[in-house]
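The primary structure of each chain is shown beneath.
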Amino acid sequence: MEAHSPAEWDDFRRTLRGRVTPVTWQTWLEGLRPVAIQNGVVSLIAPSEFHLRWVNDKYRPIVEAAVTTVFGPEARLVIDARREPLDDTAEDESFDEAEPPSPPAPPSRPSPVPGLVAKYTFENFVVGPSNRFAHAAAMAVAEQPEGHYNPLFVYAGAGLGKTHLLQAIAHHAVTLAPRLTVHYTTSESFFNDFIDGIRRKRMNEFKARYRTVDVLLLDDVQFLEGKEQLLEEFFHTFNALHDNGKQLVFSCDRPPRSLIALEDRLRSRFEWGLTTDIQPPDVETRLAILHRNAGFAPTAVPEAVLRFIAERVVDNIRELEGALTRVTAYAALTHQEIDLDMAADVLQDLLPPAHRLPITAGRILAATAAAFDVTVTELEGPSRRQPLARARQVAMYLCRQLTDLSLPRLGALFGGRDHTTVLHGVNTVHRLIQTDKALFDSVTALLQTLRNT
């Protein structure tokens, strides 16, 4: 076993840090710890199985290059995942004391969880200073449900990633443990199931659905406020799961203490475990999000354009991604190269006027109805004729981009439609504006009208 000093480990960390972005270093590589060096094999340990897979998939060549730079061209790299919580107080001298770990077993094949969006995984969640703690807590819950963080309560404003994190927990939990019964739902769907159970006299089925799961993830719990019967049922569901050691995860638009319409007994239960928030991302994190999305664009997006967008969309990740989509869609439709002047022209509505009215669903419906020469009543109604159906989808898309209304709430706004219908409409418009110039122009004009008045 060769001896290597702490100074060499520090040199390795400096070398590795210098080869990646600050966000990559802080999120994925800073947490790697030394274990041993034996027969030219440098062994490191990652905080979790998920962390290990991500480093191996995305950054292993960079880590290997840093190893050979510091420890010599013959040095080889082994990274394992820690099987118990990482102790950050451990001394780095342990680098020379442990045997090289064996490679981890491959992850299990995930079981399907209804209602999840495929892209809402930890792999697609960009971590920065504004969401690092929430991300770490979510990952800990996904890897060890029924652990110390029960319940996990995540709160944030609209479009900052609450739903993404909850669904990432569900995706990852069933990847690691396919036999877990994981149920993700919105509070509005929970309410609708409750009403349906009462109406059809099948409350036993409702209770069985929600009280026999291993992990329950409930999105937008602020929707529970003011619904006394539902709150009573939710209270007993919470107790049944928690008393049996089952994992609970909630999201909300504000912390538990601010849910003033709830009884103290329920607010206090929300705070039994861990409460964490997500703040608006800083400019570097916004830029990292744009870089990730730009990687899927049909044409290259210059760094200056990405920074232009990152500096102007501050509070909402959905708006950030929507702005990039508009720029890349316009370039594809007009066969132009993307440059700063073109982006500034397409996104002129992002330059805030001195006075601006709040953007509400009512304003969006009225503006869309006027633009498509239909009535608001028709937008909310059942007719599926064209161009009315397309106008309705545009209004859904704009509401999703510009307001904090959840998909079920939008479904209720548009005549009691299911949230999957709303999601289909949003995705349809997102796809079509990249190939249909007339629709792109209509959506852009509506965005400019709504933001500049």
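The rules behind each value
Residues numbered from 1 in each chain as written. Predicted model: local features only at pLDDT ≥ 70, side-chain atom pairs only at ≥ 80, totals over all residues. Heavy atoms only, no water. Core = buried A, V, L, I, M, F, W, Y, C linked by side-chain atoms within 4.5 Å. Buried < 20%, exposed > 50% of the residue type's maximum accessible area, 1.4 Å probe, protein only. Contact = heavy atoms within 4.5 Å. Phe/Tyr/Trp six-rings, centres within 6.5 Å; stacked < 30°, edge-to-face > 60°. Helix = DSSP H or I, 4+ residues; strand = E, 2+ residues; numbered from the N terminus. Lys NZ or Arg CZ within 6 Å of the ring centre and 35° of its normal. pLDDT = per-residue confidence, 0-100. Patch = residues over 30% accessible without salt bridge, like charges linked within 9 Å, V, L, I, M, F, W, Y side chains within 5 Å. Areas by Shrake-Rupley, 256 points an atom, 1.4 Å probe, with all protein chains shown as cover. Salt bridge = Lys/Arg side-chain N within 4 Å of Asp/Glu carboxyl O. Lys, Arg positive; Asp, Glu negative; His and termini not counted. Charge placed at Lys NZ, Arg CZ, Asp CG, Glu CD. Pairing = 2+ DSSP bridges. Axes fitted to C-alpha atoms, helices over the stretch in contact; angles between N-to-C directions. Expected span 1.5 Å × (residues − 1). 1 Å grid on protein atoms, 1.4 Å probe; cavity = no way out; pocket = protein on both sides within 12 Å on 5 of 7 lines; lining within 4 Å. Points joined across faces, edges and corners; volume = space filled by probe spheres on them. Nonpolar A, V, L, I, M, F, W, Y, C, P; charged D, E, K, R; others polar. Polar contact = N/O pair within 3.5 Å; in protein donor to acceptor, adjacent residues only side chain to side chain.

Asks: Sorry, what's going on with the nonpolar core here?
Replies: Most often, soluble globular proteins have nonpolar side chains that are buried together. If you look at the biggest cluster of nonpolar residues, it comprises 59 residues, and the most contacted ones within it are Ile309, Val327, Leu347, Val394, Leu398 and Val443. In contact with Val443, not counting residues within four places along its chain, are Val394, Tyr397, Leu398, Val429 and Ile433. In terms of nonpolar packing, the next biggest core, distinct from the first, is built from 55 residues, Leu29, Ile79, Leu116 and Val215 among them.

Asks: In this structure, what is going on with the packing of aromatic side chains? I would like to understand it.
Replies: A full pass over the atoms with the stated rule returns 16 aromatic pairs. Plain terms: the ring middles of Phe190 and Phe234 are 6.0 Å apart, the flat faces sit at 85° to each other, and that makes the pair edge-to-face. With a gap of 44 residues between them, Phe190 in helix α7 (residues 187–199) and Phe234 in helix α9 (residues 228–243) connect regions that are remote in the sequence. Grouping residues by exposure puts Phe190 and Phe234 together as buried. Here the aromatic residues Phe153, Phe190, Phe194, Phe206, Tyr210, Phe234, Phe238, Phe250, Phe270 and Trp272 are joined through ring pairs into a cluster of three or more. In this structure, Lys227 is placed above the aromatic ring of Phe223, and the distance from its NZ or CZ to the ring centre is 3.8 Å. In this arrangement the basic side chain of Arg265 is found over the ring face of Phe235, its NZ or CZ atom lying 3.8 Å from the centre.

Asks: When you look at the confidence of the model for the protein in this model, what are you seeing that I'm missing?
Replies: In regions of low pLDDT, the predicted coordinates are not meant to be interpreted in detail. Residues at a pLDDT of 70 or more form 89% of the protein, whose mean pLDDT is 83. In this model residues 84–111 is a low-confidence stretch, pLDDT under 50, and it forms 53 contacts with partners more than four residues away in sequence or in other chains.

Asks: Explain a negative patch on the surface here, please?
Replies: Together, Glu337, Asp339, Asp341 and Asp345 line one region of the surface with negative charge. In this structure, Asp339 sits in the loop between α13 (317–334) and α14 (340–346).

Asks: Which parts of the structure should I look at to understand the sheet that holds strand β2 (residues 41–46)?
Replies: Each strand in a sheet pairs with its neighbour through backbone hydrogen bonds, running either in the same direction (parallel) or in the opposite one (antiparallel). Taken together, the 3 strands give an open sheet; going across it, the order is β1-β2-β3, and neighbouring strands pair in mixed fashion. Two strands close off the open sheet at either side, each with one partner strand: β1 (33–38) and β3 (76–81). Looking at each pair of strands side by side, their axes are set apart by 25° on average, direction ignored. Inspection of the sheet shows β1 paired to β2 by 5 bridges, in the antiparallel sense. Bridge pairing in β2 links Gln38 to Val41.

Asks: Explanation requested: α7 in the structure shown.
Replies: One full turn of an α-helix is made of 3.6 residues, so residues set three or four places apart face in the same direction. In this model α7 runs 18 Å from its N-terminal to its C-terminal C-alpha over 13 residues, within 8% of the 18 Å that 1.5 Å per residue would give. Listed in full, the buried residues belonging to α7 are Ser187, Glu188, Ser189, Phe190, Phe194 and Gly197. Buried positions along α7 lie against β5 (182–186), α8 (203–211), β6 (215–219), α9, α18 (407–413) and α19 (419–432). Just beyond α7, the residue with positive phi is Lys201, at close to 55°.

Asks: Would you mind going over empty space enclosed by the protein with me for this structure?
Replies: Any space left empty among the atoms is revealed by the rolling of a water-sized probe across them. Evaluation of the coordinates by the stated rule reveals 1 cavity of 30 Å³ or more. A volume near 60 Å³ is recorded for the largest cavity. Lining the largest cavity are Val313, Glu319, Gly322, Ala323, Arg326, Leu350, Tyr397, Gln401, Leu447 and Arg451. For the lining of the largest cavity, the elements supplying multiple residues, two or more each, are α13, α17 (388–402) and α20 (437–451). Element by element, the count of residues in the lining of the largest cavity is highest for α13, at 4 residues. For the lining of the largest cavity, the class distribution of residues is 5 nonpolar, 2 polar and 3 charged.

Asks: Explain the side chain of His164 here, please?
Replies: The topology assignment puts His164 in helix α6 (residues 162–176). Of note is the side chain of His164, whose polar atom sits 2.8 Å from the backbone oxygen of Thr121. Among residues more than four places away in sequence, those in contact with His164 are Lys119, Tyr120, Thr121, Asn124 and Phe125.

Asks: Help me out: how do you make sense of the sheet that holds strand β4 (residues 152–156) in this one?
Replies: With parallel pairing, 5 strands are arranged side by side in an open sheet as β5-β6-β7-β4-β8. This sheet does not close on itself; its edge strands, each paired only once, are β5 and β8 (274–278). Averaged over neighbouring strand pairs, the angle between their axes works out to 15° when direction is ignored. Inspection of the sheet shows β4 paired to strand β7 (residues 247–252) by 4 bridges, in the parallel sense. Counterpart to Leu152 in the pairing with β7 is Val249. In the packing of helix α5 (residues 132–143) onto the sheet, contacts are made with β4, β7 and β8, and the angle to β8 comes to roughly 135°.

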